[in-house]
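Below, each chain spelled out in residue letters.
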Number of protein chains: 2
Amino acid sequence: MKELTVDLGERSYPIYIGEGILQQIGELFAKHGIGKGSPLLIVTDSHVAEHHLGDVVSRLEEAGYTTTSYTVSAGEKSKSLSVLEDVVSAALQAGLDRKSTVVALGGGVVGDLAGFVAASYMRGIRFVQIPTTILAHDSSVGGKVAVNHPLAKNIIGAFHQPELVLYDTATLRTLPDREVKAGLSEMIKHGLIWDAEFTAWLEENAQKLVSLDQEALQYGLYFGCKVKSIVVSQDEKENGLRAILNLGHTIGHALEAVSGYNKLLHGEAISIGMVGAAKLAIRLGHPEHIYTVTKRILQAFGLPVSVPADLDTDAIMNAMMHDKKFSEGNMIYIIPTEIGKVEINKNVSAAWVREVVEQLKQEV
Amino acid sequence: MKELTVDLGERSYPIYIGEGILQQIGELFAKHGIGKGSPLLIVTDSHVAEHHLGDVVSRLEEAGYTTTSYTVSAGEKSKSLSVLEDVVSAALQAGLDRKSTVVALGGGVVGDLAGFVAASYMRGIRFVQIPTTILAHDSSVGGKVAVNHPLAKNIIGAFHQPELVLYDTATLRTLPDREVKAGLSEMIKHGLIWDAEFTAWLEENAQKLVSLDQEALQYGLYFGCKVKSIVVSQDEKENGLRAILNLGHTIGHALEAVSGYNKLLHGEAISIGMVGAAKLAIRLGHPEHIYTVTKRILQAFGLPVSVPADLDTDAIMNAMMHDKKFSEGNMIYIIPTEIGKVEINKNVSAAWVREVVEQLKQEV
Ligand SMILES: NC(=O)c1ccc[n+]([C@@H]2O[C@H](COP(=O)([O-])OP(=O)(O)OC[C@H]3O[C@@H](n4cnc5c(N)ncnc54)[C@H](O)[C@@H]3O)[C@@H](O)[C@H]2O)c1
Ligand SMILES: NC(=O)c1ccc[n+]([C@@H]2O[C@H](COP(=O)([O-])OP(=O)(O)OC[C@H]3O[C@@H](n4cnc5c(N)ncnc54)[C@H](O)[C@@H]3O)[C@@H](O)[C@H]2O)c1
Ligand SMILES: [Zn+2]
Ligand SMILES: [Zn+2]
């Protein structure tokens, strides 16, 4: 079992990563101050419930906890105020009080939703994350929790840090292959923004990671969480540095929006976005190998590197203009300056971005 | 103009109280760092909009601010997640960004709703309160913001402190008489829990306060805010002392719930609740005059002191049992030990409370 601390002063918390660690859930909860006197609410989604809920519930009950579970439909649509209201109904019916804990068992959707329930129920109660996707190595670090509004993603939320994160890599075996790869895309991002050596390791271990080799997986998740946690520790409330976590996300979000939030997974969209950012880097005079290496790694993981030809360039550009990072003809972009390093560049011309989007349709 | 600081370290903020101070709204906003580069969203309700919105908007626009207004229906029903979603739509359409400010123009309903919008929009933006009720001298201090859930009041919320509070006592002239008195009930509560001298002053000035004499009103609001702010400063996140602010509220909430949240105003219900708490005090052996004085003051303000005879005692007791302050046959009660002092008593027997509720139906 690997352990790592997200360093946020009073709000610091540990992340445990290992195969089968949910077997120790009772002890780990008790060790981190989750009391048995107040009921727990486990929030999960329909896919995860099928595979993992029974196990978590029975281990917690054996350990002496009182639990209630609430299962939302799988998918982004559950990150809404109306589902939040339903989860709060369940919390009230289960008698959750100020000393209770909300447990998020699932991927980023469940983590964000249940985290915002915990942040706002009685103005804030405890929260534990049990991530079951690879992408969640990203979403479970940093304390950003939120639901969507019909007009904007993640716009209603809070910063609310969990008490602990329990990452049982055995749960990942039931994750669909496409979700595995999409999650690894964020892991690659963590390499590209922060650490050349880790990035090289990722390329070498692409096959192992994709096939969920446990040793590789645990190291990758550990290092990915670590990069995210270093960045977040330096900028808890997102005032500066944290922006580098958006590598590939400006183009990526636009692609998600235009493809209808359904055809491209988030990790796939930012994979394409990271190739775009590398192309912009070259255009800005940074070394050519940034582009070659970025693309080669993503392809080693079977991730997409080209914009689907049927997506309209104008629509993509429009979606980017609505993104908050745009101002007065220039865009704020996270640009790699070498492998493992990025800069926040506020002067990327919209015209160059358009050119790059066009080129990304030809990418092979 | 009176000024007072709510002392919360980094989150400290000023309250300005005075007649006509909205005329200086532009300068006061600028002085407290509300920038002109990002749009403001003014949230108000249908009654307040009719009398005061035009004035606030035109003064802010004159001062160089860009404003958008959103008016909710007057009444407690607007403190809901669905209205929150509507307000967020307005915020998005107006282009509110991280540097924007939400302005709550209204009573406690608007303050709680708009405050929770500010707390959660983009995970937290700035917030200014412009209270227009007397009750809001209570709700605008302390940073508790929330909406209701169909099953429970104020259950979804946050702690989010405003940048400043602008209390223009001229706005109170349009407040219905019954709302004036109900708001004064919380002012009396602030006297009873904290300060015998202020309580005596309140009794002497009852007529002036009820008729909105400006000098008396400003002093009363100032002192009421001050008591609340001292208590809150010592217990920002409601872990202990803040409980004393609940004098009269356990019975009060039950009466509100049973009377359907409509027949009794909150201030009226806690007026009756404070008489109940005084009766319990006597029962616990505290001096008889606590009861006599409490009742005499409330009557001087024309506030109710008896439980409406048609309310069912069982239903009232049941509503209290569902209140979070109840445990194992005993109730946690805020009990006056003399005028201007209270204790948190965890051993008030439910049987005594029932007796007191019965007696309160006979009160004249
Ligand atoms: N809070 C943050 O900092 C942050 C960061 C990145 C992303 N996010 C959010 O995370 C969300 C995406 O997260 P995600 O990719 O984990 O999505 P997700 O939670 O929707 O999971 C993806 C799919 O996999 C299924 N699934 C999850 N675990 C499974 C398992 N072990 N076995 C079988 N099926 C399983 C889910 O039911 C779902 O269908 C987005 O809403 C995004 O906004 C948040
Ligand atoms: N956050 C806190 O700490 C806290 C504390 C106490 C109460 N509250 C909340 O405050 C709310 C009650 O506040 P309230 O009594 O101010 O209620 P309110 O905001 O509903 O106002 C009462 C009525 O007066 C009208 N009104 C307000 N100002 C007016 C004016 N100047 N002229 C004419 N009409 C006016 C309103 O439209 C409404 O009809 C409750 O929801 C309660 O939960 C919050
Ligand atoms: Zn991402
Ligand atoms: Zn009250």
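Residues numbered from 1 in each chain as written. Chains lettered and ligands numbered in written order. Predicted model: local features only at pLDDT ≥ 70, side-chain atom pairs only at ≥ 80, totals over all residues. Heavy atoms only, no water.

1. A word on the sheet that holds strand β1 (residues 2-6) of chain A
Residues and elements named next belong to chain A. A sheet is described by the order of its strands in space; here seven strands give the open sequence β1-β2-β9-β6-β5-β3-β4, paired in mixed fashion. Whereas interior strands pair on both sides, the edge strands pair on one side only; in this sheet they are β1 and β4 (67-72). Here the strands of the sheet are splayed against their neighbours by 20° on average, with no regard to which way each runs. Taken together, the five bridges between strand β3 (residues 40-45) and strand β5 (residues 101-106) define a ladder with parallel strand orientation. Opposite L41, over in β5, you have V102 as the bridge partner. In this fold helix α3 (residues 81-93) packs onto β3 and β4, with an angle of close to 160° to the strand it touches most, β4. (Pairing = 2+ DSSP bridges. Helix = DSSP H or I, 4+ residues; strand = E, 2+ residues; numbered from the N terminus. Axes fitted to C-alpha atoms, helices over the stretch in contact; angles between N-to-C directions. Contact = heavy atoms within 4.5 Å.)

2. Concerning the coordination of the zinc ion (ligand 4)
Coordination of the zinc ion (ligand 4) by the protein involves B:E186 (OE), B:H249 (NE2) and B:H266 (NE2), with metal-donor separations of 1.9 to 2.1 Å. Residue B:H266 is classed as partly exposed on the basis of its relative accessible area of 21%. (Donors = N, O, S within 2.8 Å, 3.2 Å for Na, K, Ca; no water. Buried < 20%, exposed > 50% of the residue type's maximum accessible area, 1.4 Å probe, protein only.)

3. Thoughts on the site of ligand 1
All names here are of chain A. Residues in contact with ligand 1 amount to 26 residues; listed here are only the nearest, D45, E76, G108, T133 and T174. Here an oxygen atom of ligand 1 sits 2.7 Å away from a polar atom, N or O, in the side chain of E76. In the model, a nitrogen atom of ligand 1 is placed 2.9 Å from a nitrogen or oxygen of the D112 side chain. Considering every element that reaches the shell around ligand 1, the biggest residue donor is helix α2 (residues 46-62), with four residues. A per-class count over the shell around ligand 1 returns six nonpolar, eleven polar and nine charged. (Near = heavy atom within 4 Å. Polar contact = N/O pair within 3.5 Å; in protein donor to acceptor, adjacent residues only side chain to side chain. Nonpolar A, V, L, I, M, F, W, Y, C, P; charged D, E, K, R; others polar.)

4. Re the coordination of the zinc ion (ligand 3)
Residue and element names in this part refer to chain A. Bound to the zinc ion (ligand 3) are the protein donor atoms E186 (OE), H249 (NE2) and H266 (NE2), situated 1.9 to 2.1 Å from the metal. Each donor residue of the zinc ion (ligand 3) belongs to the same chain, with the gaps between them written as E-x62-H-x16-H. Of the two residues, E186 sits in helix α6 (residues 177-194) while H249 sits in helix α10 (residues 249-258), which places them 63 residues apart along the sequence. The class of E186 is buried, set by a relative accessible area of 1%. Exposure remark for H249: the relative accessible area of 5% places this residue in the buried category.

5. What to know about the interface of chain B and chain A
Counting residues at the interface gives 29 residues for chain B, matched by 29 residues for chain A. In total, about 2500 Å² of surface goes out of reach between chain B and chain A, with carbon and sulfur atoms giving 63% of it. Across the chain B-chain A interface, the total number found is eleven residue pairs in polar contact (both at pLDDT 80 or more). (Buried area = accessible area lost by both parts, 1.4 Å probe.)

6. A word on the side chain of B:T169
Residue and element names in this part refer to chain B. With respect to the helices and strands, the residue T169 is situated in the loop between β9 (164-168) and α6 (177-194). Residue classification places T169 among the buried residues on the basis of a relative accessible area of 0%. Setting aside residues no more than four positions away along its own chain, T169 makes contact with I17, G18, E19, Q214, L217, Q218 and L221.

7. Things to note about the nonpolar core
All names here are of chain A. Judged by nonpolar contacts, the single largest core of 75 residues is most densely connected at I15, I134, L255, F301, M320, Y333 and V353. Taken domain by domain, the makeup of this core includes at least three residues from each of domain 1 (2-174) and domain 2 (177-360). Setting aside chain neighbours within four positions, we find I134 in contact with Y167, L172, L175, V180, G183, L184, M187, L212, L217 and L221. (Core = buried A, V, L, I, M, F, W, Y, C linked by side-chain atoms within 4.5 Å. Domains from an automatic or database assignment.)

8. Concerning α2(A)
Residues and elements named next belong to chain A. For α2, with 17 residues, the first-to-last C-alpha span of 23 Å sits near the 24 Å given by 1.5 Å per residue. At H52, α2 shows its strongest bend, of approximately 60°. Within α2, the full set of buried residues consists of V48, A49, H52, L53, V56 and L60. The backbone nitrogen of H47 has a side-chain oxygen 3.0 Å away, supplied by the residue at the start of α2, namely D45. (Expected span 1.5 Å × (residues − 1). Bend = angle between axes of the 7 residues up to and from the residue.)

Any link to function would need more than the numbers given here.
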